[in-house]
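Chains, contacts and geometry: an overview
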Amino acid sequence: MNDNKVFCPQCQNQVVFIRSAFINTCPACGARFSRSDGRLVDDVPGAATAVMGILRVLMWVVVVMVAVAGVGVAVLFVGCAVAMGGF
Ligand SMILES: [Zn+2]
């Protein structure tokens, strides 16, 4: 039953990795290793998620600004047309 025990190079313990789709996580020290090549994974998923959240907010800000600018141009255009009696 000890087939899943492996040596963790991070904490030097024999541990049973917590398996996920692409990552093995050491339950003793929390080190994460790629399942494809066994290398240590440095990135922090929480930080990546936070960056994605910030990017999403920035994207929405840009969308809203473009929408507001578009409405402003439309209002100006209609205002000029009315002022000049263009109808
Ligand atoms: Zn470990």
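To keep things clear, this report deals only with the structure shown in the data block. (Residues numbered from 1 in each chain as written. Predicted model: local features only at pLDDT ≥ 70, side-chain atom pairs only at ≥ 80, totals over all residues.)

Details of unusual backbone geometry
Threshold: A run of H or I in DSSP becomes a helix once it reaches four residues, and a run of E becomes a strand once it reaches two; helices and strands are each numbered from the N terminus.
A positive phi angle, close to 60°, is found at Q12, a residue other than glycine. By the secondary structure assignment, Q12 is in the loop between strand 1 (5-8) and strand 2 (13-16).

Points about the sheet that holds strand 6 (residues 40-41)
Convention followed: Pairing between strands is defined by DSSP: at least two bridges between the two strands are required.
Across the sheet, four strands lie side by side as 3-4-5-6; this open sheet has antiparallel pairing. Among the strands making up the open sheet, the edge pair consists of strand 3 (18-19) and strand 6.

Quick word on the pairing of strand 2
Examined bridge by bridge, strand 1 and strand 2 share four bridges and lie antiparallel to one another. Residue V6 lies in a different strand from strand 2, and its bridge partner there is V15. Linking two consecutive strands that pair antiparallel, namely strand 1 and strand 2, is a turn of four residues; a positive phi of about 60° is found at Q12 within it.

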